[in-house]
Amino acid sequence: MVGQPRFEVLAAVDVMDGRAVRPSGSAAAIEPVDPLELARAWQDAGAAWIHLVDVDAAFGRAPNRAVLDAVVAALDVRVQMSGGIGDEGSVATALRAGANRCVVGTAALTDLEWVATTIARHGDQIAVGLDVRGDRLFPRGRDRDVGDLWSTLTRLDDLGCARYVVTDVATDGAMSGPNLDLLRAVCAHTTRPVVASGGVATLDDLRAVRMLAVDGLEGVIVGTALASGAFTLEAALAAVED
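Asker: Break down the packing of helix α4 (residues 88-96) against helix α5 (residues 112-122) for me, citing the residues and quoting the values.
Answerer: Axis separation between α4 and α5 bottoms out at 11 Å; the angle between their running directions is 25 degrees. In terms of orientation, α4 lies roughly parallel with respect to α5. Remark: the crossing between α4 and α5 carries right-handed chirality. On α5, the residues that touch Glu88, Val91 and Leu95 of α4 are Trp114, Thr118, Arg121 and His122.

This is the structure:
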C-alpha cells in the first residue's frame, strides 16, 4: 500500500559471555559465534534493524557492555538494544553507544515513576518490553509477575510510551509459532506501534504476523529461526513485503 510504513524484520543477536548464542542441531545445543560477525551477516543480508540483546544483563549477571558497544559502532544499520535495561545508567549507556532505541525491560515496570521519567526524557528512543504469560507480566528470569498486562498497558499509554515489544514467554525461542491472539489483543488495546517477539518458525508465521500490520503491528523480531537456518533473512524480508 502506498504510504504505509515498511514492516520491519528485526534480526536478533543474543550475546552471552561475550559471544552470540544460537541453536545448533537441537534446541538444547548452543553454538557460540562472534556477535559482530553475526550482526554484519544480517546487515549484509538486508536487515534495516538489528535487535541486540545482552542476555547476561537480562538475567542479572555481569553485562557485556564492551562487546555490545563494539557491535553498535561497527554497524551501518539501526540498532535496538535490549537486556538488563532498567535504570538511567543502562539507558544512557545504550544510547551513548549509538543504539537508536533501547527496550526497557518488563522488570522495570515495578517502578512506573522511573519509567515515566525515562519516557519523558528520551521519547521515541524508548520502547517498553512486555513479557507476557496469560494476562500477567512475567519478566524472564523472575519467578513472579509484576502486574496485569492490560491495566499496565493503559498506564503506559497515559505516560506517553512510544511503542511496545511484546513477547509471549511461552513461545520465545521455542519456534512453536507466534501468539497471534495476544498480538492482536495488544494492538486493539493501544494506538501505539507494537513489535512482536518470539515464536516465529516459518515463513508462513512471518506472513501471518505481517497481516497484523493493519492492526498496528510495526515489525517482528526473529532470532532462533534465522540463526538455526530455518529460512534466510532475504526470504524473511521477501515474505513480509506487500
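Asker: Account for the pairing of strand β7 (residues 126-133), with residues named and values stated.
Answerer: Among the eight residues in β7, seven count as buried, and that is most of the element. Relative to β7, strand β6 (residues 101-104) runs parallel, the two sharing three bridges. By the bridge assignment, Val103 is partnered in β7 with Ala127. Following the chain from β6 across α5 to the adjacent parallel β7, one finds a crossover that is right-handed. Sheet analysis places β7 next to strand β9 (residues 164-168), joined by five bridges and oriented parallel. What sits directly across from Asp131, in β9, is Thr167. Two strands pair when backbone bridges link them, and β7 and strand β8 (residues 136-137) are joined in this way by two bridges, in the antiparallel orientation. Bridge pairing links Val132 to Leu137 in β8. Connecting β7 to the next strand, β8, in antiparallel fashion are two residues, including Gly134 with a positive phi near 70 degrees.

Asker: So what about the nonpolar core? Which residues, and what values?
Answerer: Leu130 and Leu233 are the most contacted members of the largest nonpolar core, which totals 68 residues. Excluding residues within four positions of it along the chain, Leu130 makes contact with Thr106, Leu109, Leu137, Leu149, Leu153, Leu156, Tyr164, Val165, Val166 and Thr167. Ranked by size, the runner-up nonpolar core spans nine residues in total, among them Val103, Val165, Val195 and Ile221.

Asker: Just give me the short version of the state of the cysteines, but keep the residues and values in it.
Answerer: With the rule as written, the count across this model stands at zero disulfides. Free of any disulfide, Cys102 has its nearest cysteine sulfur in Cys161, 11 Å distant. Cys161 supplies the cysteine sulfur nearest to Cys187, a cysteine that is in no disulfide, at a spacing of 13 Å.

Asker: Could you give me a rundown of helix α1 (residues 35-44), with the residues and numbers involved?
Answerer: All of the buried residues along α1 are Pro35, Leu36, Leu38, Ala39, Trp42 and Gln43. Summarising the axial view, the buried residues of α1 lie within an arc of 165 degrees, below the 170-degree limit, and thus occupy one face. Away from its buried face by more than 90 degrees, α1 exposes Glu37 and Asp44. Positioned one or two residues after α1, Gly46 has a phi angle of 115 degrees, which is positive.

Asker: Lay out unusual backbone geometry in plain terms, naming residues and giving numbers.
Answerer: At Asp17, a position not held by glycine, the phi torsion is positive, near 55 degrees. Here Asp17 is to be found in the loop between β1 (8-16) and β2 (19-24).

Asker: Mind laying out empty space enclosed by the protein, listing which residues take part and the relevant values?
Answerer: Counting across every chain of the model gives one cavity of 30 Å³ or more. As a volume, the largest cavity reaches approximately 60 Å³. Along the walls of the largest cavity sit 13 residues, with Pro178, Asn179, Leu183, Ser197 and Gly198 positioned nearest its centre. Of the residues belonging to the lining of the largest cavity, the class tally is eight nonpolar, four polar and one charged.

Rules used in this analysis
Residues numbered from 1 in each chain as written. Predicted model: local features only at pLDDT ≥ 70, side-chain atom pairs only at ≥ 80, totals over all residues. Heavy atoms only, no water. Axes fitted to C-alpha atoms, helices over the stretch in contact; angles between N-to-C directions. Helix = DSSP H or I, 4+ residues; strand = E, 2+ residues; numbered from the N terminus. Parallel < 35°, antiparallel > 145°, perpendicular 65-115°, else oblique. Left-handed = near helix turned anticlockwise from the far one by under 90°. Contact = heavy atoms within 4.5 Å. Buried < 20%, exposed > 50% of the residue type's maximum accessible area, 1.4 Å probe, protein only. Pairing = 2+ DSSP bridges. Right-handed = clockwise from strand over helix to strand, strands pointing away. Core = buried A, V, L, I, M, F, W, Y, C linked by side-chain atoms within 4.5 Å. Disulfide = S-S within 2.5 Å. Arc of directions from axis to C-beta. 1 Å grid on protein atoms, 1.4 Å probe; cavity = no way out; pocket = protein on both sides within 12 Å on 5 of 7 lines; lining within 4 Å. Points joined across faces, edges and corners; volume = space filled by probe spheres on them. Nonpolar A, V, L, I, M, F, W, Y, C, P; charged D, E, K, R; others polar.

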